[in-house]
Amino acid sequence: MNILAIAGSLRAASYNRQLAEAAGAVLAKLHPEIDYRILAWDDVPFMNQDAEHPAPAAVTRVRGEVKRADGLWLFSPEYNHAIPGPLKNLLDWLSRPVSDTEGQVLAGKPVALAGASIGMSGAAHAQDQLVGVLSFLDARIMNQPRLAIPHIATQAEDGVLKLDASAPYLEKQAEAFVRFIDRQS
């Protein structure tokens, strides 16, 4: 099984990037046979239909990685009760048909949603928006369990995530997502 994680913040040490890394450690412990990677996508340009065909090299690479994945695990922060702009831009590129003969790469793709925020919502508002966007794009969203961690800074020390209280919930979501992907194949 091949799971591709997408950290919704481009900041190298963001809490959501660290949460994606923690999920990889959980999967390595519980399911060492699973290939888990975090997508590198900071080189994806702004969506522009004038530059859509041929697609920029970064977009072609990212689409290929999404196509090869058996499931996508999104780790998104929440900016002003919404999806971060760069993540929405990435989803816009992924929503476009690859060519005249090949559709977009998110259709039918199993997706799990997780996120953390320094505020009290735990990125739940962004997750609700992601459900709307991804449902429209015909992705298969695992609605339960979602992971939304509020006040994430309380589970970090000097900016390094410790995930004390939330670790069992991350493990529960990891196990559920593996089963969800298995059921979709």
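It should be emphasised that the depicted structure is a prediction, and the values quoted were computed from it without experimental measurement.

Q: Before we go on, may I ask you to explain helix α2 (residues 57–68) in this structure?
A: Because each turn of an α-helix spans 3.6 residues, side chains separated by three or four positions in sequence point in the same direction. In this model α2 runs 17 Å from its N-terminal to its C-terminal C-alpha over 12 residues, within 8% of the 16 Å that 1.5 Å per residue would give. The complete set of buried residues in α2 reads Ala-58, Val-59, Val-62, Arg-63, Gly-64, Glu-65 and Val-66. Looking at the buried side of α2, the elements it contacts are β1 (2–7), β2 (35–38), β3 (71–75) and α3 (85–95).

Q: I would appreciate a short explanation of the sheet that holds strand β5 (residues 140–149) in the present structure.
A: In any sheet, the strands associate via hydrogen bonds between backbone groups, in a parallel or an antiparallel arrangement. Taken in spatial order, the five strands of this open sheet run β2-β1-β3-β4-β5, and their pairing is parallel. Of all strands in the sheet, those with a lone pairing partner are β2 and β5, marking the two edges. Put simply, the sheet's adjacent strands are angled 20° from each other on average, direction ignored. Strands β1, β3, β4 (110–116) and β5 of the sheet are contacted by helix α5 (residues 167–184), whose axis makes an angle of about 175° with β5.

Q: Any chance you could explain unusual backbone geometry here in plain terms?
A: Peptide bonds are, in most cases, trans, and in most cases residues other than glycine have a negative phi. Cis geometry is found at the peptide bond from His-53 to Pro-54, where omega equals -5°. Position of Pro-54 among the secondary structure elements: in the loop between β2 and α2. Residue Pro-145 is bonded to the preceding Gln-144 through a cis peptide linkage, with omega at -5°. One can find Pro-145 in strand β5. At Asp-158, a position not held by glycine, the phi torsion is positive, near 55°.

Q: Whenever I open this one, the packing of α3 against helix α4 (residues 124–136) confuses me. Can you help?
A: Packed helices, taken two at a time, are described by the angle between their axes plus the distance between the axes. In contact at an axis separation of 11 Å, α3 and α4 are set at 10° when each is read in the N-to-C sense. In terms of their interaxial angle, α3 and α4 are classed as roughly parallel. Between α3 and α4, the residues in contact are Leu-87, Lys-88 and Leu-91 and Leu-130, Val-133 and Leu-134, respectively. Tallied by class, the residues present in the contact of α3 with α4 amount to five nonpolar, no polar and one charged.

Q: Got a minute to help me understand the layout of surface pockets in this structure?
A: Taking a probe equal in size to a water molecule and rolling it over the atoms shows the remaining empty space. What the largest pocket holds in volume is close to 170 Å³. Lining the largest pocket are Ser-9, Arg-11, Ser-14, Tyr-15, Asn-16, Pro-77, Glu-78, Tyr-79, Ala-116, Ser-117, Ile-118 and Ile-152. For the lining of the largest pocket, the class distribution of residues is six nonpolar, four polar and two charged.

Q: Got a minute to help me understand the side chain of Ser-166 in this structure?
A: Assignment of secondary structure puts Ser-166 in the loop between β7 (160–161) and α5. The exposure class of Ser-166 is buried, given its relative accessible area of 8%. One polar contact links Ser-166 to Gln-155, side chain to side chain, over a distance of 2.8 Å. Look past the residues within four positions of Ser-166 in its chain and what remains in contact with it is Ile-149 and Gln-155.

Q: I keep staring at the packing of aromatic side chains and nothing clicks. Help me out?
A: Two aromatic rings, taken as a pair, are described by how far apart their centres are and by the angle between their planes. For the structure on display, the rule yields four aromatic pairs. The interplanar angle of 35° and the centroid separation of 5.1 Å between the aromatic rings of Trp-73 and Phe-75 together place this pair among those described as tilted. The burial state of Trp-73 is the same as that of Phe-75; both residues are buried. Relative to Phe-177, the ring of Trp-73 has its centre 5.9 Å away and its plane inclined at 55°; by these criteria the two rings are tilted. With Trp-73 in strand β3 and Phe-177 in helix α5, this pair connects stretches of sequence that are 104 residues apart. Taken as a pair, Trp-73 and Phe-177 share a single burial class, namely buried.

Quick notes on the rules
Residues numbered from 1 in each chain as written. Predicted model: local features only at pLDDT ≥ 70, side-chain atom pairs only at ≥ 80, totals over all residues. Heavy atoms only, no water. Helix = DSSP H or I, 4+ residues; strand = E, 2+ residues; numbered from the N terminus. Expected span 1.5 Å × (residues − 1). Buried < 20%, exposed > 50% of the residue type's maximum accessible area, 1.4 Å probe, protein only. Contact = heavy atoms within 4.5 Å. Pairing = 2+ DSSP bridges. Axes fitted to C-alpha atoms, helices over the stretch in contact; angles between N-to-C directions. Parallel < 35°, antiparallel > 145°, perpendicular 65-115°, else oblique. Nonpolar A, V, L, I, M, F, W, Y, C, P; charged D, E, K, R; others polar. 1 Å grid on protein atoms, 1.4 Å probe; cavity = no way out; pocket = protein on both sides within 12 Å on 5 of 7 lines; lining within 4 Å. Points joined across faces, edges and corners; volume = space filled by probe spheres on them. Polar contact = N/O pair within 3.5 Å; in protein donor to acceptor, adjacent residues only side chain to side chain. Phe/Tyr/Trp six-rings, centres within 6.5 Å; stacked < 30°, edge-to-face > 60°.

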